[in-house]
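Structure assessment
Chain by chain, the residues:
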Amino acid sequence: MSMDRIEFETLFRQNYSNLCSYAHNFLKDPETSEEIVQEVMVNFWNRRNILEIRDSAKAYLYRAVRNSCMNHLKHLKVREQHASDARSAVAESTIDPEQVLIMSELEWRIREAIDKLPVERKKAFCLSRYEGLTYPEIAERLDISVKTVENQIGAALKTLRKELAEYLPWLILFFFHIFREQ
Amino acid sequence: MNQNRHNIEEHLLLDYLLGRAPVPEKEYVERWLNEDAEHRKYLDQLEALWAETGKLTPIPLAVDVDAAWKRVSSRTASNGRVILMRTLFSAAALVILSLGIWFLYRIVNPPVKQVELATTNRVITDTLPDGSAITLNKNSSITYSASRRSPYREVKLHGEAVFNVTRDEDQPFLISSGKAFVKVLGTRFHVSARPGATVVVSVTEGTVQFFTVNSPPGDTISILLGAGDRAVLEPGSERPEMDNKGNPEELYWFDRSFMFNDTSLEDVFKLLRDHFGTEIRVTEQTILKCRLTSTFVNEPPDMILKIIAETFGLSLTMEQQIYVLSGKGCEGKTI
C-alpha cells in the first residue's frame, strides 16, 4: 500500500491514544505501552511499501500491537520466572482486536473528547476516573497542589460536558439517580 | 444561555455525586441545586457524563499525542534530499551544463542564492532563502534564484504550489512557468502550472499581477488579482482571464479543503462520493438543485452533510451506511 506522510500522520493521530489504551490493557504499564505503539507505527511506516495489508491499516495496527505485547510479556516471564502469574495475566486481558474496532459512536466521541484535553488535565481526570484516586493522591502523583487538581478536574468536567452535551440529554431519561439516595 | 454561569466549582459537584462531600459542602451543593432547575439539570448531565466515561473498555490512557508524534516523526524522517538527488541525476546533462555556465557567471557576477525543490510522490513544505514559505504538490519542482543585484527574486515553477511570500518592495517575487508570469510583492497565493494544462492562479492575501509576454511584439497582457480572486490561462491562449468559480477540489491536496461557489448539491454529492465513498440519497429531486457557497477545511463527510442539512433546512438520517437527506428542495434558489 502506498501512503504519504500526511496520511500517516492522520492515521497516527486518530489511533495513537486508543492503541495505547489497548496495549495498556495487556501490560498495565503506561510507558511501555506508548513505546510499543510508537515502535509499531515506526515499523509500519518503514515497511509500508512491502506490507500486504488485507483489511484496514487500523486492524493491522491493533494486531501488531497485540503481538508486540504478547512478546513483551513472554520476555518478562522468562526474565522473572513467574510462569503461572504471567500466563494468567495474559488470559485475563484478551480483548480481541476485532472487538476493539467496533465501537459505538458515543464511545468514540467520549474517547475523542478525553483525548483532546490538555495533557496534564487529561492525566488528572484519568487518575480520578479510572484509578479512583482522591484529589490529594492525584496531587502527590502529579506533583501539583490539591487546589490545582480541583481546578483541573473541574475544567475537565466542564469541557467534557460541553463537548458531549448533544449526546448526553437522552441518557438522562434512562438514568436512575443511584448516587443521590444516601 | 447558562452554559458558563453555574457559579459553582465542578469538583464540588463531583464530590457530592460520589458521596464523599463533607457535610458543609453537601449542604452548600444542595442549596445551589434548589436555586434553579437548570442547576439540577447540570448536575444530571455531570452524573451521566461520569457514568458513561466509566463504561469505556479498555480504559483510556492519558497520552501526549503531540509529543509522541514528534518522536515518531523524527524516527521516520525521510530524506527530502534523496528525492532532490534523484531528480538531479535524471536531469544530469542539464545540471552539468548549468554548472558550466554558472561557473563562468559566478566569476563576473555576485553570488546568487539558488535553491531547487522537487517532489514526486509527496507534498512538501519548505522555506526559501528570503523567508518565503512554499508547499509543493506531488510531481512538481521549483528553482529559486536571487542575488543582491537581480531585479527580482525569481522562481521557475513546473507543477503546482502554494506560496506565502515575504514582502520586499525592492525585490519583487517573480514566478515563471513557460509563458505565464506571476509578479508578487508579498502575499499568499496558489499557482498551478503543469505542462499542456490550464495555468491557474488564486490569491488568498495581498495582490498579484498575472501576465503573459507576447513574443513578438513583446508587449504584455496582464491582470491584477486581489484576495479571493482567481484567474486562468488556457493552454492555447495568450490572455489570462478571471474565473472566480473555480474547481472545488483545487486545493484539497494542500489543506484538505473544498471550496464550493454556487455549486449544485448534485455536484457536491458526486465529489463526496469520489473522495470518501459516501453514498447519499435524497427524498426530493429538487434538493439536488440547491446551490451551495461555502468552504470546508479538513472536515469529514458527515460534518459536511450536517452543515448542508442545516443550511437548507433539510433533515439528515442514515440508513444502512447510506445518508438520506429529506425536506423541501430548491427551485433555482441560491444560498
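Coordinates for the structure precede this section.
The residue count restarts for each chain, going from 1 along the sequence in the order it is written. Written order decides the labels, with chains lettered from A and ligands numbered from 1. Local features in this predicted model are restricted to residues of pLDDT 70 or higher, and side-chain atom pairs are both shown and tallied only at a pLDDT of 80 or more, whereas totals for entire chains, interfaces and linings draw on every residue. To obtain the side-chain values, all non-hydrogen atoms of the structure were included, while hydrogens and water were left out.

Some thoughts on the overall build of chain B
This is how the line gets drawn: Each helix corresponds to a stretch of at least 4 residues labelled H or I by DSSP, and each strand to a stretch of at least 2 residues labelled E; elements are numbered beginning at the N terminus. The rule is simple: take the accessible area with a 1.4 Å probe, protein chains only, and divide by the maximum for that residue type; under 20% is buried, over 50% is exposed, in between is partly exposed. The criterion used for residue contact is that any of the two residues' heavy atoms lie within 4.5 Å. Note on areas: these come from Shrake-Rupley sampling with a 1.4 Å probe, and a residue is covered only by the protein chains present in the view.
Of regular secondary structure, chain B possesses nine helices and 18 strands. Counting all 335 residues of chain B, 41% fall into the buried class. Contacts spanning at least 24 positions in sequence make up 46% of the contacts within chain B whose residues lie at least 6 apart. When the accessible surface of chain B is summed, it comes to about 18300 Å², and 52% of that surface belongs to carbon and sulfur atoms.

Some points on the overall build of chain A
Check the secondary structure of chain A and you find ten helices and zero strands. Put simply, chain A runs from its N terminus to its C terminus through helices and strands in the order α-α-α-α-α-α-α-α-α-α. Taken over 182 residues, chain A has a buried fraction of 47%. Taking the contacts inside chain A whose residues are at least 6 apart along the sequence as the reference set, 62% of them involve residues at least 24 apart. Approximately 10300 Å² of chain A is accessible, and the part contributed by carbon and sulfur atoms is 51%.

A short note on the interface of chain B and chain A
To keep it simple, the criterion reads: One side-chain nitrogen of Lys or Arg within 4 Å of one carboxyl oxygen of Asp or Glu is enough to make a salt bridge. Two N or O atoms count as a polar contact when they lie within 3.5 Å, although within protein this holds only if one can serve as hydrogen donor and the other as acceptor, and sequence-adjacent residues are included solely when both atoms are side-chain atoms.
With 51 residues of chain B in contact, the opposing surface of chain A contributes 60 residues. Linking chain B with chain A are four salt bridges, by the criterion used here. Residues B:Lys138 and A:Asp4 are paired through a salt bridge, measuring 3.9 Å at the closest nitrogen-oxygen approach. On inspection of chain B and its partner chain A, the count reaches 20 residue pairs in polar contact (both at pLDDT 80 or more). Element by element, the count of residues in the side of chain B that touches chain A is highest for helix 3 (residues 37–54) of chain B, at 14 residues.

Some thoughts on the sheet that holds strand 15 (residues 279–282) of chain B
All names here are of chain B. Put simply, the rule is: Strand pairing is assigned whenever DSSP identifies at least 2 bridges connecting the two strands. To get an axis, a line is fitted to the C-alpha atoms, and for a helix only the part in contact is used. The angle between two axes follows their N-to-C directions and goes from 0 to 180 degrees.
Ordered by their spatial adjacency, three strands build an open sheet running 15-18-17, and the pairing between neighbours is mixed. Each edge of the open sheet is held by one strand with a lone partner, namely strand 15 and strand 17 (315–319). Averaged over all adjacent pairs, the angle separating strand axes in this sheet is 30 degrees, with direction ignored. Against the sheet, helix 9 (residues 301–312) contacts strand 15, strand 17 and strand 18 (322–326), and its axis sits at roughly 10 degrees relative to strand 18.

A short note on the pairing of strand 7 (residues 180–184) of chain B
Regular strands show a simple pattern: their side chains alternate between the two faces of the sheet. Residues and elements named next belong to chain B. Counting buried residues in strand 7 gives four out of five residues, a clear majority hidden from the surface. Count of turn residues in the strand 6 (residues 173–177)/strand 7 antiparallel hairpin: two residues, of which Gly178 carries a positive phi of about 60 degrees. The pairing of strand 7 with strand 10 (residues 208–213) spans five bridges and is antiparallel. The residue of strand 10 that forms the bridge with Val184 is Val208.

Topic: the packing of helix 7 (residues 119–131) of chain A against helix 9 (residues 146–164) of chain A
Residues and elements named next belong to chain A. We apply this condition: By definition in this entry, angles of less than 35 degrees are roughly parallel, angles greater than 145 are roughly antiparallel, angles of 65 to 115 are roughly perpendicular, and the rest are oblique. The nonpolar class holds Ala, Val, Leu, Ile, Met, Phe, Trp, Tyr, Cys and Pro. Asp, Glu, Lys and Arg form the charged class, and all remaining residues, Gly among them, are polar.
Between helix 7 and helix 9, the least distance of the axes is 9 Å, while the angle of their chain directions is 95 degrees. Comparing the axis directions of helix 7 and helix 9 gives the class roughly perpendicular. The segment helix 7 lies against helix 9, with Glu120, Arg121, Ala124, Phe125 and Ser128 engaging Gln152, Ile153, Ala155, Ala156, Leu157 and Leu160. Taken together, the residues that form the contact of helix 7 with helix 9 break down as seven nonpolar, two polar and two charged.

A word on unusual backbone geometry
Backbone geometry follows two general trends: most residues other than glycine have a negative phi, and most peptide bonds adopt the trans configuration. Residues and elements named next belong to chain B. A cis amide bond links Thr57 with the next residue in sequence, Pro58, at an omega value of -10 degrees. Unlike most non-glycine residues, Asp262 shows phi in positive territory, near 55 degrees. The topology assignment puts Asp262 in strand 14 (residues 257–264). Even without being glycine, Gln321 reaches a positive phi, approximately 75 degrees. Along the polypeptide, Gln321 turns up in the loop between strand 17 and strand 18. Since its relative accessible area comes to 67%, Gln321 is described here as exposed.

Thoughts on the state of the cysteines
Put simply, the test is: Disulfide assignment relies on a single distance test, namely cysteine sulfur atoms paired within 2.5 Å.
The full count for this structure, using the stated rule, is one disulfide over all chains. With its sulfur 1.8 Å from that of its partner, B:Cys290 forms a disulfide with B:Cys330. Handedness here is read from the sign of the S-S torsion; for B:Cys290 and B:Cys330, about 90 degrees, the answer is right-handed. A residue pair is termed long-range when its members are at least 10 positions apart, and B:Cys290 in the loop between strand 15 and strand 16 (291–297) and B:Cys330 in the segment after strand 18 qualify at 40 residues. Classification of B:Cys290 as buried rests on a relative accessible area of 0%. A:Cys20 takes part in no disulfide bond, and the closest cysteine sulfur to it belongs to A:Cys69, at a distance of 9.8 Å.

Some points on the pairing of strand 9 (residues 199–205) of chain B
Residue and element names in this part refer to chain B. Taken across its seven residues, strand 9 has five buried, putting it largely inside the fold. Examined bridge by bridge, strand 8 (residues 188–193) and strand 9 share five bridges and lie antiparallel to one another. When the sheet's bridge partners are listed, Ser192 is paired in strand 9 with Val200. As consecutive antiparallel partners, strand 8 and strand 9 are separated by five residues, and within that stretch Gly196 has a phi angle of approximately 80 degrees, a positive value.

Structural notes on the pattern of salt bridges
Between side chains of opposite charge, a pair can form when the charged atoms approach closely. With the rule as written, the count across this model stands at 19 salt bridges over all chains. The shortest N-O distance in the salt bridge between A:Arg111 and A:Glu107 comes to 3.1 Å. Taken together, the positions of A:Arg111 and A:Glu107, both in helix 6 (residues 105–116) and four residues apart, correspond to about one turn of that helix. Beyond isolated ion pairs, a larger network of salt bridges with shared partners links A:Glu9, A:Arg13 and B:Asp66.

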